[in-house]
Structures are given as C-alpha cells and as structure tokens.
Amino acid sequence: MSVMTESFPRQYARTQRFTVGEPRLIQVSGDGSRVVFVRSVSPRQPTNGLWVIDLPELGADNEEIVERLVVDPVVLLAGADDQLPSEERARRERAREGGSGIVSFACDPAATVAVFALGGRLFRADLGADPAATKVAELAVDGPVFDPRPSPDATAIAYCCDGVLRVVDVDGGHDRCVAADAPGSGAAGVTWGQAEFIAAEEMGRSRGHWWAPDSRRLAVARVDVAPVAVWHIADPSQPHLPPRAVPYPAAGTANADVSLWIVDDGADVGSRADPDAGADTRAASAAAAPIAVVWDRVAFPYLVDVHWPADHPLTVAVQSRDQRRVLVLAVDEMSGTTTIVGEQSDDAWVEIVPGVPRFAVDGRLVTTIEDSGVRRLALNGLPASPRGFQVRSVVSTSPRVIYTASESGDPATTFLVEGIGARPLTTVAGLHSAVVGAETIVVRSATMSDAGPATAVWRFDELLETASGGRARSPVHTIASYAEQPVVTPRVTFSITGPRSIATAVLVPDDGMAIDDRPPRSLPVLLDPYGGPHAQRVVHSQAAFLASQWLASQGFAVIVADGRGTPGRGTGWEREVHGDLAGPVLDDQVDALHALAERHPCLDLSRVAIRGWSFGGYLAALAVIRRPDVFHAAVAGAPVTDWRLYDTHYTERYLGDPFIDDGPYERSSLLADAARLSRPLMLVHGLADDNVVVAHTLKLSQALLEAGRPHTVLPLAGVSHMTPQEVVAENLLLLQVAFLRDALGNG
C-alpha cells in the first residue's frame, strides 16, 4: 500500500517555511545559568510555548539537562491570537512574525521572571529552578497590554496601553500611568513607549521604553504621528468594513516627531522606594517630573538606539535625515543634556549595525567604522578587527566582545568571532549567530548539511578551544528542534561568476541530471533573486534554497545571484546602488546569467524567466520590462513600482529626497517604462499590505493598460506583505509555476 507524500508547497506553507518547532527568541541570564526561549510543541502546532533550561554550574560535571515547558500553549493560549491589539498585529508585521502564542517575551537580567502579553492580557511566569515552584499568573490590569518588560530587579513591569506607558508591581498591585501627555493637551496621535513605523520597519528598533539599571526610572520614546500623511488601506473583499487609517511617511514627506524622556517609575513611597531613604527623598522620587533628553532633533531626527547600561550613562544613537551622520550621545540623567561620545559620517550613508553602540568592559565605546570599503569593528573610533572581515553585527560586549563577520572573499558564510585578536568561534561554512550570558554562549548555526538550524549551548572556553583546532569539545546541551524535515533536499552549485565576481547558486532538477549535462537536454531558466540591499540569497544554508529546489524539480534550472547592493561584500559593493536602484542590480542579474550559461550549456537562454517578492518583485518586473531580449516572463510579488511611494528611511538612504533631486527616482521607477513591456508579466499583491502598499501594483497595472500592454494581476484579499495563510502560500507557488510554464511554452 503506497503512502501519499505531502507536496512541498503544502508542507512549506503549513510549517511556515519549516520554522514551526524551532527554538526561537533565545535569551540567556546574565550569569549564564539559564536559557529561556519559545518553541511550539510539534511541527504541526504553530502555537509557541515558553521553555527554560537550567544549566549546571561552571566546571561541574554535566548532569542531565531538562528543557522545561513553563507556559503550556495548549492550556493557556487558546484563542489569544483572535484578540490581538492593533499594536501587536503591527509589531508582528514589522517583525515578519507568522507564529502564534508567545511570539515575544522579556526577562529580567537574572531570568527569574518572564513577562508577555496574550490577547492584550498581561502574564508573568516565574522561572525558578524548582518545577514545582514554577507558576504562571495573569495580572489584572486594564488592557490592551502591549510590549511588557520587567524591571532589572524583577519587582515591577512596564507595559504600553492605549498610547501611554504604565507600570505595575510584579504581584499585580499599584498599576499606574508613568508617561502620557497631560490631560486636555489635545495632542492626537501621540504614543509613549512604542517604536514608530520607521524604527520597527527599517532601523531594527522594535521597542520604545527602557528600564534604568536602578529599576526606578525609565527612558521612554514619545512618538507624535500628527506630521505624517495618513494613508487608507481598505479590504475590497469586505466592503462593509471601513478603511484602516495608517500614518505612512513616504519618501520626501514628514516623519513622526520622536523625542526621548526620562520618567520616574511612580512607585508608592511605602511600596518600592528605598526604605533607608528619608521620607522627603522617597516622596521626591515618586513625584519626579519627566526630563526631556536634549539633542538637535531637527538635524538628527532619527532615534536609532537607546542603551542604559549599569556602569555607564544612558546612551543614545541618533541619525540625520540624509543618514550621512550618526551621533552617539551620553545623557546626563538629572538634566537630560547630552554629550557627544562618538560620531560617524559617510558621503553616501552610515549603515545601522545591530548591537552597537555599546560599551566594552574596559569602558571603551564599541561601534563600527567604514575603512576603505571594509566595515570594521571600532573601539573609541579606532579599528579593532582585521581588514579582511566584514562585520555584520555585534553579539556581545560583556564579558568580551563577540561579533559576526564574513570574509571579504566569502560573503555566503557569516561566522562568529571573538575579540580584537579575531579568534573564530565557528569554522563550518554557514550562517552563525549567538546569544551570550557570562561564560555561556548559545550558538545557532544553519549550514548546507542540515535542513534547519542547530542550536547549541556552549561554555565559551570549550567553544573557543574546539574552533581553534585544540581538543574537540561537545556543547553542554543541544536544544531540540521539532521542525519538520522538508520533502526536498537542495542540490546547490555555488560559484563566483562574471567580471564583477558575483556570488551565484544554481539548482537543477533532482532527477539525476547533472548541471554540466549538455544538449539535447536543456532546461528553461528561472532566476530567483532578492537582489537588493539588506538581504542575501546566496548563503551556505540549506533552508535558503528549499523553495528554489522545488522550483527546479518542476523542470527549471534555477539561478540565485547576489549582485551589487547586497550585503556581505563590503561598503563599496553596497554603495554601488547609491542614486540608482535599477541599473546595477539588473545588470548584475544579466551578467550572472550569461556567465553561468557559458559554464553550464544545459541552460537554455531562449527560455528565461524571473520571479521575486518585495525588492525581488521589483527586480523581476524591472527585468522583463527593460530587458525583454534576456527575460521572457516574470512573476513580480509585492513590487515597489514607484519609489516615491515607499518609506523615508529606506528610500532616501539610496535615492535621496525626491523634492530636492527627482532624477534617482525617475531612473529607478517602473511606471515610465510600462509601454516597453512585451513579455508575459504576472503581478501579485496582498491588498492588506501596509509596507509595500497595493497602490504600487495598481499604478503599474494602470500604466500598462493605458499603454495597451497585456498583463496578469493576482490580488490577494486579506494578505499583508507576508503570506502566512497556509492555503494562500501553497497555491501561490503552484500558480506561479503554472504561469511561467505557460509563458515559456514548456508546460
């Protein structure tokens, strides 16, 4: 009796690209004794629970290590995702979060408690080592609750609610408002404690409030969206519903007005104030007025990062509107005045690097600098990493500096590096990241050997010894992954191609065909790029090529190429797209295709298609419109067709202000070229997309119609920039293949 194997499109959609069941959102306690993370209980159950691992003491024999489920998703979380507040839905969209249950949580530094919101309700989980003492409690506060975070001493919880910041004692008592506009001020569209759209979507800052180390004060972002133009996003499939009003800062228009304030936590005099302090001191502390953090917000309107370390002042990073300058400011916590402690400038733009600015244990400021095309680690502004390493992020600065980097000649691997001496902590080709607490380092590694990432808990010295070629050690623990195994296994041929040494990957059907087979058997070609800034597709990770391999199994030779503008190759490579997001990226796809065809004669250049999503969708439409001599069909998903309709921070970084110089926007737009379309083009767009709004596709479709150019439009009702709906995601793959087969004549 034969057993039907589930199709890859169905499996890919159901498992949310094989992420369901993976350990995620890993945090390590400050002393390295505890690891906290979320994970669903099976690959067919996307609802995440909260898990804890208690590690043996450093130097002790490894005893049996148990992964404890602290919050059972089946018992506690039923129905919570049906009642999400709008702020949480927006946060998940910005984070591209498709899971359910606990998809965000926060711990105190010692990881004694974790707090999270479910369905707008506030929960606290005690994480004691004794499972019998572990308890989960709902705190009776007014909702909807968003982004709760415990104080460093684990005695209070700050959370957002209805645009204000509130604090409640950890036992649920004394719930109070600590940051809000004065009653009757008349300020509409003001929120306290939340990240604005630009920060969450483009700058990597997803939060808007930060506890002070003393657990008595908070730094709080005040966001006023009144200056921002309001766009309206409707769902045509539900005409009885009103459009959703979304403040959207399009290129060249006003951003939200963002300021930073220091506020008191509002603790009762007899509740949490220092019992050894005098009554006057306690009362003054409880009644302290908010303090504005002062910097030139006209010249530096972007609040990039906020960090309040225990042994240094409150530190903020701010960026100019043209993104060519970043200041690192130390804040006087009593007056709010600031002092410049670091500065970066660049003729094109200063890249925001995750994890900096921070302070090393010796007090030096850790940032990055651009040095002759190389992004290097910097200590007090002086380079501190080798020229051959492209720094990608800073993982930790205490107790030692650890960062991720790619070698200049191998952007497909991101490895872990420790210290100024640049000692590698990982040696296997792949994508490596880490979370650190004292001597414990949790390493997440995605390689070409496994379909999904492996997550291992190490003691630092043992990891270093193993990576340095000394005595091979084993991790303290490998965190289990319940993710499902894909029904396809990628067969990838990597190469550096063409005169510009473009990183490429080629996949062919898994039917025994070799990439160097010669005609009479030849294959239609499908380019499957992203191709733009901030994203790589050619990486040493199986997971990156699962969909591409399935596409190859449909009878295509699939090519993935990372041209100019993509990360990992250095600042010079990234800045090749400055002023033109169209020409360089398209030229590199063409050059990679032709160079690979010379190397692999099975590629049929008379049948070439391209598909992509977001920037990749823009690139696909660009290719078929501007180079019909090369590309014979395209599927463009959620494409940016007119960069004037995309947001300020991303677009102005590359194209500048359209009201000052419209030339880069004209060069990069698809609308003026619509009449040139002569090949089949399918446009796909989610009608609920608030990132690349559906107006992009509708404007291009209108221009094509006015020019008399046939094309196909596939609207996705209720779908945002993600496609998390299982049936939609599955059938979207199938429809793309059917369209491309028909367009290329190889059905």
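The structure displayed is predicted, hence computed values, not measured ones.

1. Here's the deal with the overall build of the protein chain
Next, step 1: Each helix and strand in the protein chain was counted, giving 14 helices and 44 strands.
Next, step 2: Since a compact globule built from 747 residues should have a radius of gyration of about 27 Å, the 26 Å found for the protein chain is in line with a globular shape.
Next, step 3: Put simply, the protein chain has 747 residues, and 57% of those count as buried.
Next, step 4: Look at the contacts in the protein chain between residues 6 or more apart in sequence, and 60% of them connect residues 24 or more apart.
Next, step 5: For the protein chain, the exposed area adds up to about 28900 Å²; of that, 52% sits on carbon and sulfur atoms.
Next, step 6: Within the protein chain, one finds 64 positive and 92 negative side-chain charges whose respective centroids are separated by 4 Å.

2. Examining the pattern of salt bridges
Oppositely charged side chains are able to pair whenever their charged atoms sit close together.
Next, step 1: Following the criterion strictly, the structure yields 47 salt bridges and no others.
Next, step 2: The salt bridge partner of Arg14 is Glu484, with a shortest N-O separation of 2.7 Å. Here Arg14, found in helix H1 (residues 8-14), pairs with Glu484, found in the loop between strand E36 (477-479) and strand E37 (492-497); they are 470 residues apart in sequence, far enough to count as distant. Of the two residues, Arg14 and Glu484, neither departs from the other in class, the shared state being buried.
Next, step 3: Residues Arg124 and Asp126 are paired through a salt bridge, measuring 3.1 Å at the closest nitrogen-oxygen approach. Asp126 matches Arg124 in its accessibility class, with the two residues each being buried.

3. Regarding the confidence of the model for the protein chain
Next, step 1: Here the protein chain averages 91 in pLDDT, while 91% of its residues score no lower than 70.
Next, step 2: Long-range and interchain partners of residues 269-275, a stretch whose pLDDT sits below 50, account for 18 contacts in this model, where long-range means more than four residues apart.
Next, step 3: Across residues 277-287 the pLDDT falls below 50, and counting only partners more than four positions away or on other chains, this stretch makes eleven contacts in the model.

4. Comments concerning the nonpolar core
Next, step 1: The biggest cluster of nonpolar side chains holds 66 residues, and the ones touching the most others in it are Phe631, Trp643 and Leu681.
Next, step 2: Top contributing element to this core by residue count: helix H10 (residues 615-626), with nine residues.
Next, step 3: When near neighbours in sequence (up to four residues on either side) are disregarded, Phe631 contacts Leu527, Leu586, Val590, Val608, Ile610, Ala623, Val624 and Arg679.
Next, step 4: Counting 32 residues, the second largest nonpolar core, distinct from the first, contains Phe8, Leu546, Leu551 and Val719.

5. A look at the packing of helix H9 (residues 583-599) against H10
Working note: a packed helix pair is described by the angle between its axes plus the distance between those axes.
Next, step 1: Taken N-terminus to C-terminus, the directions of H9 and H10 make an angle of 75°; their axes are 10 Å apart at the nearest point. As far as their axial angle goes, H10 and H9 are roughly perpendicular. Residues Val585, Leu586 and Gln589 of H9 pack against Phe615, Leu619, Leu622, Ala623 and Arg626 of H10.
Next, step 2: Here the contact of H9 with H10 is built from residues that sort into six nonpolar, one polar and one charged.

6. Examining the pairing of strand E31 (residues 410-418)
Next, step 1: Of all the nine residues making up E31, eight are buried; the element is thus mostly covered by neighbouring parts of the structure.
Next, step 2: Across five bridges, strand E30 (residues 402-407) lies against E31 in antiparallel orientation. Looking at the pairing, Glu407 lines up with Asp410 of E31.
Next, step 3: Linkage of E30 to E31, two consecutive antiparallel strands, is achieved through a turn of two residues.

7. Some words on the sheet that holds strand E21 (residues 302-307)
Next, step 1: What the four strands build is an open sheet, ordered E21-E22-E23-E24; its pairing is antiparallel. A strand with exactly one partner marks an edge of an open sheet, and here the two such strands are E21 and strand E24 (338-345). Put simply, the sheet's adjacent strands are angled 20° from each other on average, direction ignored.
Next, step 2: With five bridges connecting them, E21 and strand E22 (residues 315-319) associate as antiparallel partners. Within E22, the position partnered with His307 by the bridge is Thr315.

8. So, the pairing of strand E43 (residues 681-686)
Next, step 1: For E43, the tally of buried residues reaches six of six residues, placing the bulk of the element in the interior.
Next, step 2: On E43, burial covers both faces: Leu681, Leu683 and His685 on one face and Met682, Val684 and Gly686 on the other are all buried.
Next, step 3: Here strand E42 (residues 633-637) pairs with E43 via four bridges, running parallel. Residue Val635 lies in a different strand from E43, and its bridge partner there is Met682.
Next, step 4: Strand direction decides the pairing type here: E43 and strand E44 (residues 712-716), joined by five bridges, are parallel. Paired with Val684 across the bridge in E44 is Leu714.
Next, step 5: What joins E43 to E44 is helix H13 (residues 695-706), and the crossover it makes is right-handed.

9. Things to note about helix H7 (residues 546-553)
Next, step 1: Of all eight residues making up H7, seven are buried, and the element is well covered by its neighbours.
Next, step 2: Residues Leu546, Ala547, Ser548, Gln549, Trp550, Leu551 and Ala552 constitute the buried set of H7.
Next, step 3: Each element contacted by the buried residues of H7 is listed here: H1, strand E38 (502-507), strand E39 (523-527), strand E40 (557-562), strand E41 (603-613) and helix H14 (726-744).
Next, step 4: Positioned one or two residues after H7, Gly555 has a phi angle of 110°, which is positive.

10. A look at the side chain of Ser320
Next, step 1: Relative to the elements of secondary structure, Ser320 occurs in the loop between E22 and strand E23 (325-331).
Next, step 2: Overall, Ser320 belongs to the buried group, its relative accessible area being 6%.
Next, step 3: One polar contact links Ser320 to Asp322, side chain to side chain, over a distance of 2.7 Å.
Next, step 4: Dropping the residues within four chain positions of it, Ser320 is found in contact with Ala299, Phe300, Pro301, Tyr302 and Arg325.

11. Let's talk about the environment of Gly531
Next, step 1: With respect to the helices and strands, the residue Gly531 is situated in the loop between E39 and H7.
Next, step 2: Between the C-alpha atoms of Gly531 and Gly616, which are 85 residues apart in sequence, the distance is 6.1 Å.

Conventions used here
Residues numbered from 1 in each chain as written. Predicted model: local features only at pLDDT ≥ 70, side-chain atom pairs only at ≥ 80, totals over all residues. Heavy atoms only, no water. Helix = DSSP H or I, 4+ residues; strand = E, 2+ residues; numbered from the N terminus. Rg over C-alpha atoms; globule rule 2.2 N^0.38 Å. Buried < 20%, exposed > 50% of the residue type's maximum accessible area, 1.4 Å probe, protein only. Contact = heavy atoms within 4.5 Å. Areas by Shrake-Rupley, 256 points an atom, 1.4 Å probe, with all protein chains shown as cover. Lys, Arg positive; Asp, Glu negative; His and termini not counted. Charge placed at Lys NZ, Arg CZ, Asp CG, Glu CD. Salt bridge = Lys/Arg side-chain N within 4 Å of Asp/Glu carboxyl O. pLDDT = per-residue confidence, 0-100. Core = buried A, V, L, I, M, F, W, Y, C linked by side-chain atoms within 4.5 Å. Axes fitted to C-alpha atoms, helices over the stretch in contact; angles between N-to-C directions. Parallel < 35°, antiparallel > 145°, perpendicular 65-115°, else oblique. Nonpolar A, V, L, I, M, F, W, Y, C, P; charged D, E, K, R; others polar. Pairing = 2+ DSSP bridges. Right-handed = clockwise from strand over helix to strand, strands pointing away. Polar contact = N/O pair within 3.5 Å; in protein donor to acceptor, adjacent residues only side chain to side chain.

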